[in-house]
Amino acid sequence: MAAHLSYGRVNLNILREAARKELREFLDKCSGSKAIVWDEYLTGPFGLIAQYSLLKEHEVEKMFTLKSGRLPSADVKNIIFFVRPRLELMDIIAENVFSEDKLHSSREFHILFVPRRSMLCEQRLKEQGVLGSFINIDEYILDLIPYDGDLLSMEYESAFRECYLENDQTSLYHTAKGLMTLQALYGTIPQIYGKGECARHVANMMLRMKREFAGSQNQILPVFDTLLLLDRNVDLLTPLATQLTYEGLIDEIYGINNGYVKLPPEKFAQKKQGEASKDLPTEPKKLQLNSAEELYAEIRDKNFNAVGAALSKKAKIISAAFEERHNAKTVGEIKQFVSQLPHMQAARSSLANHTSIAELIKDITTSEAFFDNLTVEQEFMTGVDTDKVNTYIEDCIAQKDPLIKILRLVCMQSVCNNGLKQKVFDYYKREILQTYGYEHILTLNNLEKGGLLKPQTSSRNNYPTIRKTLKLWMEDANEQNPNDISYVYSGYAPLSIRLTQVLARPGWRSIEEVLKMLPGPHFEERQQLPAGLHKKRQQGENRTTLVFFLGGVTYAEIAALRFLSQMEDSGMEYIIATTKLINGTTWIKSLMDRPESQTP
């Protein structure tokens, strides 16, 4: 099922297996038949670790979603709550337990906190008078979840908000713990580099944890050569821009959640000749997206303008393969053709799906609205008129376009101008509040606190210097056969990935001045390896770097890192880890107060 996790340079299946083993051990603690009550947010991430079949093997007979009131009836001995440590969930659990106690006295209750136990939550259960009802109270440490052969995510959605708005470092503690788990499985990482306040905190916590466990040095040859910790607020611009890779656009338009996307069903209906189209499916089409699917692995990181050519090339190869059947004369040849059929049919259905998705996306990317929006983004990135009110943004507010679209553009202008002139800032603020409602004043304050939308405090704008020094804008980016990472945004090279690229060669000393202009400290640490575990590098062997984005990463940035890994002369392979997979919309939403009152 998870074979694609072990294809890469680092076998991430080891991490998945370790997580599965712990889950089995917990389930076996509760002997007898079981029902699991899920905190809904956890079902997606858990699906990547264990399917229902694994739970079934350990006597899990029913699964329910956690909601207030009574639990659905189930003839089981154990009821296990799988929840995040949130106080509001404790109140719902208390309600569930009370209603059960009146009916079944013989039931056994257990609670599994993911990813950590919480004294506050246990205290709340005690106040509600149900703490004594639980036989087992345990924690399941699910920090880093393997999403693909080179991608790990904690799916900690509020990490950026907590770090930059609420000054809460819980997510950084989980990150440090997750990195310690990785080192226990894959060996100590000898070199740590970082940029940003949060990166500094995580590195300090890791080094402290390592000192505390000094006695239990693991004797594993290190898999990773370097760890790079990057704060999201070092590069606030990249997530705001519209991603232009195939996977990035799927995420921008439809949203990818835990490796799945839901698409409008009408494009995927199998139309038979002569059938009326009245019974078209109404349920969204749910597709899994990862590198286990050959075609997706091939096209996911291409600029969308190069996807059409790749699909038609694939279509020719597949039809040529099906034509082969006419040439199969002998029994042996026919047998060989038949043995390849399942693979060919899977390839054909995969091609049909991706052709449909590409058509859906093309309808949007060829629209005037998309083009106008992109033009303004690219003007901001290149420093055109960033210091005055933008007429396109004014028009969008006047037409009452979705608020998130407006916020993304205004934040982008602010970031590219090192803050907006007070007059411009006040104007945008007034227009947004008058058009969309005064309740959004909280959201605007959050964006200001997070550094995305702020008035200019100094007259100096460092962005042009950073752009020129790091070559963040490349004219005539080659979208079909890229030679630089800037293809992922058709001209803009993500700042975060440029920093990663420069670190590998020629090193950060060459850009010392630019690093000082970006927020937070930059640092380097070395971790001592036990004797005999120093890697002897073979001639031509690549180094492996784990890049950890604190506060979220976009699919376009991941595509850029994969591009660097595949470059002939880079000598470096990248594994990507993050607190959350984000795009501009989900990121801004996480900083909004009352986002549910928003139309997407």
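Right above here is the structure, for reference.
Predicted, not measured: the structure shown is a model, and the values here were computed from it. Counting of residues starts from 1 at the beginning of each chain's written sequence and follows it residue by residue. At least 70 in pLDDT is required for a residue's local features to be given in this predicted model, at least 80 for side-chain atom pairs to be given and counted, and no such filter applies to totals for whole chains, interfaces and linings, which use all residues. As a rule here, side-chain values cover all heavy atoms of the structure and leave hydrogens and water aside.

Participant: What exactly am I supposed to notice about the side chain of R408 here?
Facilitator: On the secondary structure map, R408 appears in helix α16 (residues 403–416). Residue contacts are counted whenever heavy atoms from the two residues lie within 4.5 Å of one another. In this view, R408 contacts P239, L240, A241, T242, E252, G584, T585 and I588; residues no more than four positions away in its chain are not counted. Numbering goes from the N terminus for both helices and strands, where a helix is a DSSP run of H or I of at least four residues and a strand is a run of E of at least two.

Participant: In this structure, what is going on with helix α12 (residues 307–323)? I would like to understand it.
Facilitator: Along an α-helix, a turn takes 3.6 residues, which lines up residues three or four apart on a common side. In this analysis, the expected span of each helix is defined as 1.5 Å times one less than the number of residues it contains. The terminal C-alpha atoms of α12, which comprises 17 residues, lie 24 Å apart, in line with the 24 Å expected from a rise of 1.5 Å per residue. Residues of α12 that are buried sit in contact with α10 (246–253), α11 (294–299) and α13 (331–365).

Participant: So what exactly am I meant to see when it comes to the sheet that holds strand β2 (residues 60–65) here?
Facilitator: Two strands form a pair only when DSSP identifies at least two bridges running between them. Pairing is parallel across the open sheet formed by 5 strands, whose spatial order is β2-β1-β3-β4-β5. Single-partner strands in this sheet number two, and they are β2 and β5 (134–139). Within the sheet, the average angular offset between the axes of one strand and its neighbour, ignoring direction, is 20°. Across the sheet, helix α1 (residues 13–29) is in contact with β1 (34–38), β2, β3 (78–83), β4 (108–113) and β5; its angle to β3 comes to roughly 145°. Angles run from 0 to 180 degrees between N-to-C directions of axes, and those axes are lines fitted to C-alpha atoms, restricted for helices to the stretch in contact.

Participant: Can you walk me through the packing of aromatic side chains in this structure?
Facilitator: When we look at a pair of aromatic rings, we describe it by the centre distance and by the angle of the planes. Here is the rule: rings of Phe, Tyr and Trp (six-membered ring for Trp) pair when centre to centre is within 6.5 Å. Planes less than 30 degrees apart are stacked, more than 60 are edge-to-face, and the remainder are tilted. Considering all chains together, one arrives at 16 aromatic pairs under this definition. Centroid distance F160 to W587: 5.2 Å. Interplanar angle 70°. Geometry classified as edge-to-face. One end of the pair, F160, is in helix α6 (residues 159–164); the other, W587, is in helix α23 (residues 584–590), and 427 residues separate them in sequence. With respect to class, F160 is no different from W587; both count as buried. Through a chain of ring-to-ring contacts, three or more aromatic side chains come together here, namely W38, F46, F82 and Y140. In this arrangement the basic side chain of R200 is found over the ring face of F523, its NZ or CZ atom lying 4.1 Å from the centre. The classification of residues rests on relative accessible area computed with a 1.4 Å probe and restricted to protein chains. Under 20% of the type maximum is buried, over 50% is exposed, and intermediate values are partly exposed. Only lysine NZ and arginine CZ atoms are considered, and such an atom sits over a ring when it is within 6 Å of the ring centre and within 35 degrees of the ring normal.

Participant: Would you mind going over the side chain of T578 with me for this structure?
Facilitator: Residue placement: T578 occurs in strand β15 (residues 572–578). Classification of T578 by relative accessible area gives buried; the value is 0%. When neighbours within four sequence positions are excluded, T578 is seen to be in contact with L144, L152, S153, M154, F548, F549, G552 and V553.

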